[in-house]
Amino acid sequence: MQTESMPVQVMGIDAGGTMTDTFFVSSDGRFVVGKAQSNPGDESQAIYESSQDALAAWGRSVEDVYPELLTCVYSGTAMLNRVVMRKGLDVGLMCNKGFEDIHSMGRALQSYLGYALEDRIHLNTHRYDEPLVPLSRTRGVTERTDVQGKIVIPLNEDEVRSATRELVRNGSQAIVISLLQSHKNGTNEQRARDLCLDELKKLGKEIPVFATIDYYPSRKESHRTNTTVLEAYAAEPSRATLKRVSDRFRKHGGKFDLRVMATHGGTIGWRAKELARTIVSGPIGGVIGSKYLGELLGYDNIACSDIGGTSFDMALITKGNFAIKSDPDMARLVLSLPLVAMDSVGAGAGSFVRIDPYSGAIKLGPDSAGYRVGMCWPESGLDTVSVTDCHVILGYLNTDNFLGGAIKLDVERARRCMKEQIADPLGLSVEDAASGVIELLDLQLREYTRSIISAKGYNPADFVCFSYGGAGPVHTYGYTEGLGFEDVVVPAWAAGFSAFGCACAEYEYRYDKSVDVAVPPTAGDDVKMAAGKTLTEAWAELAEKVIEEFIINGFKREDVLLRPGYSMQYLGQLNDLEIDSPISAAATVADWEKLVEAFDQTYARVYATSASSPELGFGVTSAIMRGSVVSKKPELPEEPLVGETPPQEALLGKRAFYRRKQWEQADVWSMEKLQAGNHIVGPAVIESDSTTFVVPKGFETRLDTHRLFHLKEIK
């Protein structure tokens, strides 16, 4: 289909560990999805190839479309991979004298973060990763600010200068300054930063300096220090990756400024000061896309489930909103970043399959084949079978149409490797071994899904489940079977759904600041008004930072829509909740009561009304300021209903399909040729170049006018 008369305006990118997806939206709301193998050495090349794949469906090229784009949003894992693989800058750390071990010691939970249950429960398996900053590049300086923000020991300026010289001499390529309680009073830390910059100038060294007060002025020094170290260690070199992507767009005529999906669910420019906010962005795109679709379709409660090559990621949207974690962990580090609340398990289509040498049972992951697919791809260079090999053996995948035929899969090679590594040691046939792997994975994901929903006090029957990701449609039936969801939805563009979510996201910057305000139940009006004043002053300070970021990216102050927020808890509780403020300033007692009322309503939604405890009093832990500008978003497709019977040209033939110890002949359908209203009963396989939707015996699916498949169990 040609779209010369309809310019392409929006592009979303999801550069995952296995595949790179692109999503293009034309001015009339139509869209197309592209897919290519990820290229860790040059992400811009994978994005280019994925773009070509997508635009070929419209008979267009990159040179035609990039100049038309108004906006493009990137999400990817390059920064996270840089941390995991320890390939960042050599960072120096300046902290309080006597606290030089603070970064190396970390927090106790960092010794088991990311571990499977069997390793979490045994202390002898716990270990700490090597710190991002070694002690050899850590220096302490004399100063002390107390918990109330009062300077009780002045900063020793000579020690700051001396520490700067030593850090440079020891090879520091960036310097982080983190002093205790600087979030309460940043005077000493700001002075240390200025002295450090002055000393670097004298030394003739152009080294970036990161003071926590300038980036993440929040309580909990471990989290604040880790996050600012991350900014220096991984975010700064990641700018080079994003610049390369941006330059590739320019090379082909692109005139837009590249945006990046941020951890809080908005997007920011790639030149943003706080780039560490983009450390994990791909899975978040799917949540944003689900929320956007939910708003258009009237779904209040959505279970978002994303299966890629390496992981299964899940988030809940309740009453139209998702939760935000203020102190998440990432890459086995505790951080001070607002992060869309998601739960992940290391199980995906690329997960390696092994036999546990101690129990003799099948063990999945947590490592995976990534972009190398599995043993079924002869050029993979792998020596361990993966879940994808099982898909090939069981007839789920078209070996000649993987990635639209870009790579050919060898089913006999997959069978041979499965026989040697899994089937023979277990005394099973190759088909039963492969089927057992899939059933085990589905069971794990199903129980994980059930536990996530139940642990939050909900019932799956109250939720619509959105299933997406490159491998989501392959496993949808398996991990939703028997859970009783209100509906199970698989978008026709499931493989590029996270990229779609990126295109749906707001162009938004966000800044946070710890405020630590306590209003006990016996507080008078003066205390409530003082609390409101503190919050209002913090909002004003953060608003200037937000506006500054937009000005850097070419916008004017008047273009920015500001939305204040805050984190609140009942006094004595450990965890707080993030609230969108119903007011822009709090000057009166009535304003304070509005803030409390908004918190109570959110608390009742997240937990339960009966759990509310206003008799404890209230604490505001942080001020939040978001700023956004108008950006173009995709429109939901709308096609006329045709009827239940699919067109004959959509039927591609039949393929042998193995499940529950028997081979069956499954109808194979072309996803693109199916029409709104079509009804398909399993066993069936619905194929596109980017994904495969499996509908086994006992299931049926219907395609609606928005090109959303609705999967149901046949009772």
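Since this is a predicted model, take the numbers as computed values, not measurements.

### Points about the sheet that holds strand β29 (residues 651–659)
Read from one edge to the other, the open sheet built from four strands follows the order β29-β30-β32-β33, with strand pairing classed as mixed. One side of each edge strand has no neighbouring strand; the edge strands of this open sheet are β29 and β33 (692–695). Direction aside, neighbouring strands of the sheet carry axes that sit 25° apart on average. As paired elements, strand β32 (residues 684–687) and β33 share four bridges and run antiparallel to each other. Considered in β33, the bridge of valine 685 is made with valine 694. In the packing of helix α14 (residues 472–480) onto the sheet, the strands contacted are β29 and β33, and the crossing angle to β33 comes to about 25°.

### Some thoughts on the environment of phenylalanine 618
Looking at the element boundaries, phenylalanine 618 is found in strand β28 (residues 618–629). On the accessibility criterion, phenylalanine 618 (9% relative accessible area) is buried. Spatially, the C-alpha atoms of phenylalanine 618 and leucine 69 are 47 Å apart, while their sequence positions differ by 549 residues. Once residues within four sequence positions are removed from consideration, phenylalanine 618 is found in contact with Val517, Ala518, Val519, Met568, Gln569, Tyr570, Leu571, Trp592, Val596, Phe599 and Asp600.

### Examining the pairing of strand β21 (residues 351–355)
Of the pairings in the sheet, the one linking β21 to strand β22 (residues 362–368) comprises four bridges and is antiparallel in character. Bridged to valine 353 within β22 is leucine 364. Where β21 hands over to β22, the hairpin turn is made up of six residues, of which glycine 360 adopts a positive phi near 75°.

Calculation criteria
Residues numbered from 1 in each chain as written. Predicted model: local features only at pLDDT ≥ 70, side-chain atom pairs only at ≥ 80, totals over all residues. Heavy atoms only, no water. Pairing = 2+ DSSP bridges. Helix = DSSP H or I, 4+ residues; strand = E, 2+ residues; numbered from the N terminus. Axes fitted to C-alpha atoms, helices over the stretch in contact; angles between N-to-C directions. Contact = heavy atoms within 4.5 Å. Buried < 20%, exposed > 50% of the residue type's maximum accessible area, 1.4 Å probe, protein only.

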